[in-house]
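Coordinate analysis (summary)
Next come the chains, spelled out residue by residue.
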Amino acid sequence: GENVEQHPSTLSVQEGDSAVIKCTYSDSASNYFPWYKQELGKGPQLIIDIRSNVGEKKDQRIAVTLNKTAKHFSLHITETQPEDSAVYFCAASITSYDKVIFGPGTSLSVIP
Amino acid sequence: EAQVTQNPRYLITVTGKKLTVTCSQNMNHEYMSWYRQDPGLGLRQIYYSMNVEVTDKGDVPEGYKVSRKEKRNFPLILESPSPNQTSLYFCASSLWAGNGYTFGSGTRLTVV
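Here we summarise the structure given alongside this text. (Residues numbered from 1 in each chain as written. Chains lettered and ligands numbered in written order. Predicted model: local features only at pLDDT ≥ 70, side-chain atom pairs only at ≥ 80, totals over all residues. Heavy atoms only, no water.)

If you walk through the whole model with that rule in mind, you get 15 aromatic pairs over all chains. When the ring of A:Tyr36 is compared with that of B:Phe103, the centres are 5.7 Å apart and the planes differ by 85°; the resulting orientation is edge-to-face. With one member in each of two chains, A:Tyr36 in strand β4 (residues 32–38) and B:Phe103 in strand β10 (residues 102–103) form a pair that bridges those chains. Assessed through its relative accessible area of 0%, A:Tyr36 is described here as buried. Residue classification places B:Phe103 among the buried residues on the basis of a relative accessible area of 9%. An aromatic cluster is built from A:Tyr36, A:Phe102, B:Tyr31, B:Tyr35, B:Tyr48, B:Phe90, B:Tyr101 and B:Phe103, whose rings are joined through pairwise contacts. (Phe/Tyr/Trp six-rings, centres within 6.5 Å; stacked < 30°, edge-to-face > 60°. Helix = DSSP H or I, 4+ residues; strand = E, 2+ residues; numbered from the N terminus. Buried < 20%, exposed > 50% of the residue type's maximum accessible area, 1.4 Å probe, protein only.)

Quick look at the state of the cysteines now. What the rule picks out here adds up to 2 disulfides over all chains. With its sulfur 1.9 Å from that of its partner, A:Cys23 forms a disulfide with A:Cys90. Here the S-S torsion is close to -100°, and the disulfide linking A:Cys23 with A:Cys90 is therefore left-handed. Placement of the pair is A:Cys23 in strand β3 (residues 19–25) and A:Cys90 in strand β9 (residues 86–92), with a sequence separation of 67 residues. Comparing A:Cys23 with A:Cys90, the two get one shared label, buried. The disulfide that involves B:Cys23 links it to B:Cys91, with 1.9 Å between the sulfurs. With the S-S dihedral at roughly -70°, the linkage between B:Cys23 and B:Cys91 falls on the left-handed side. Residue B:Cys23 is located in strand β3 (residues 19–25), and its partner B:Cys91 is located in strand β9 (residues 87–94); the two are separated by 68 residues in the primary sequence. The exposure class of B:Cys23 is buried, given its relative accessible area of 3%. (Disulfide = S-S within 2.5 Å.)

Looking now at unusual backbone geometry. With the exception of glycine, the majority of residues adopt a negative phi angle, and the majority of peptide bonds are in the trans configuration. The peptide bond linking A:His7 to A:Pro8 adopts the cis configuration, its omega dihedral lying at -5°. Cis geometry is adopted by the peptide bond preceding B:Pro8, which originates at B:Asn7 and carries an omega value of 0°. Within the fold, B:Pro8 resides in the loop between β1 (4–7) and β2 (10–13). One non-glycine residue, A:Glu79, lies in positive phi territory at about 45°. Relative to the helices and strands, A:Glu79 resides in the loop between β8 (72–77) and β9.

Tallying the contact residues gives 21 residues for chain B and 19 residues for chain A. By the criterion of area lost to chain A, the three top residues of chain B are B:Leu43, B:Gly98 and B:Tyr101, representing 32% of everything that side buries. Connecting chain B to chain A are 0 salt bridges. For the pair chain B and chain A, the interface holds 8 residue pairs in polar contact (both at pLDDT 80 or more). Of all the secondary-structure elements, those providing two or more residues to the side of chain B that touches chain A are β4 (31–38) and β5 (42–51) of chain B. The element best represented in the side of chain B that touches chain A is β5(B), accounting for 5 residues. Tallied by class, residues from the side of chain B that touches chain A come to 10 nonpolar, 9 polar and 2 charged. (Contact = heavy atoms within 4.5 Å. Buried area = accessible area lost by both parts, 1.4 Å probe. Salt bridge = Lys/Arg side-chain N within 4 Å of Asp/Glu carboxyl O. Polar contact = N/O pair within 3.5 Å; in protein donor to acceptor, adjacent residues only side chain to side chain. Nonpolar A, V, L, I, M, F, W, Y, C, P; charged D, E, K, R; others polar.)

This next bit is on the sheet that holds β3(B). Spatial ordering of the open sheet is given by β1-β3-β8-β7 (chain B), a layout of 4 strands whose pairing is antiparallel. Edge positions in the sheet fall to β1 and β7 (65–66) of chain B, since each of these pairs with one other strand and no more. (Pairing = 2+ DSSP bridges.)

Residue and element names in this part refer to chain A. Strand order in this open sheet of 5 strands is β1-β3-β8-β7-β6, and the pairing throughout is antiparallel. For this open sheet the edge positions go to β1 (4–7) and β6 (56–59), each flanked by a neighbour on one side alone. Neighbour-to-neighbour, the strand axes of this sheet turn through a mean angle of 15°, independent of strand direction. Here β6 runs beside strand β7 (residues 62–67); their pairing, made up of 4 bridges, is antiparallel. From the neighbouring strand, Glu 56 faces β7, where its bridge partner is Thr 65. (Axes fitted to C-alpha atoms, helices over the stretch in contact; angles between N-to-C directions.)

This part is about the side chain of B:Thr13. Residue and element names in this part refer to chain B. The residue Thr 13 is located in strand β2 in this model. Thr 13 sits in the buried class, given a relative accessible area of 9%. When residues no more than four places from it in sequence are discounted, the contact partners of Thr 13 are Leu 19, Leu 109, Thr 110, Val 111 and Val 112.

Everything listed is a geometric property; what it means functionally is a separate question.
Structure, rendered in structure tokens:
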């Protein structure tokens, strides 16, 4: 079955710098890649997703890139702010009828 | 407001005393799922449901039961809770299994 790995497990950046979180997946048939942000004391929240027919997607300060050949995808956060501090999970699924498989998470700290 | 509602938010119980954590969604989603989150272990799936009366085991189903008698509700039942079930639990729902998930706010369970 699908396996999703995520690096780094923890990441600290200075406010205003960029943060990059990388994920790899094992099943080349995967075609849906969502990212979730979990703030302290809350449930994970979908922040951006990408499908395999697209190489990059942006939404204000966040962007996701996908390299299908290498089977990896990344989350990029530019101009980081303290409110970006959270745990971020990447995930992958093969079809709309296959459940999403989550990575282990990255704890991001943005230092003011 | 589209949401997944879990109750209770916090629960302390004793070993062996049956309990139910409720989950309800108002988005007419087909797919619902339960996860537990423990430090360093990410999100682990307990049970999921593709539709009414269709449920299946996730990665860590031992000690848990679920039911899906109506589309909107997906309760998690612990028939005889044990201390190793102390954890943070999340319910999630989605239009389909391989789509973006909406998570509830979580239930922090302590079994003493």
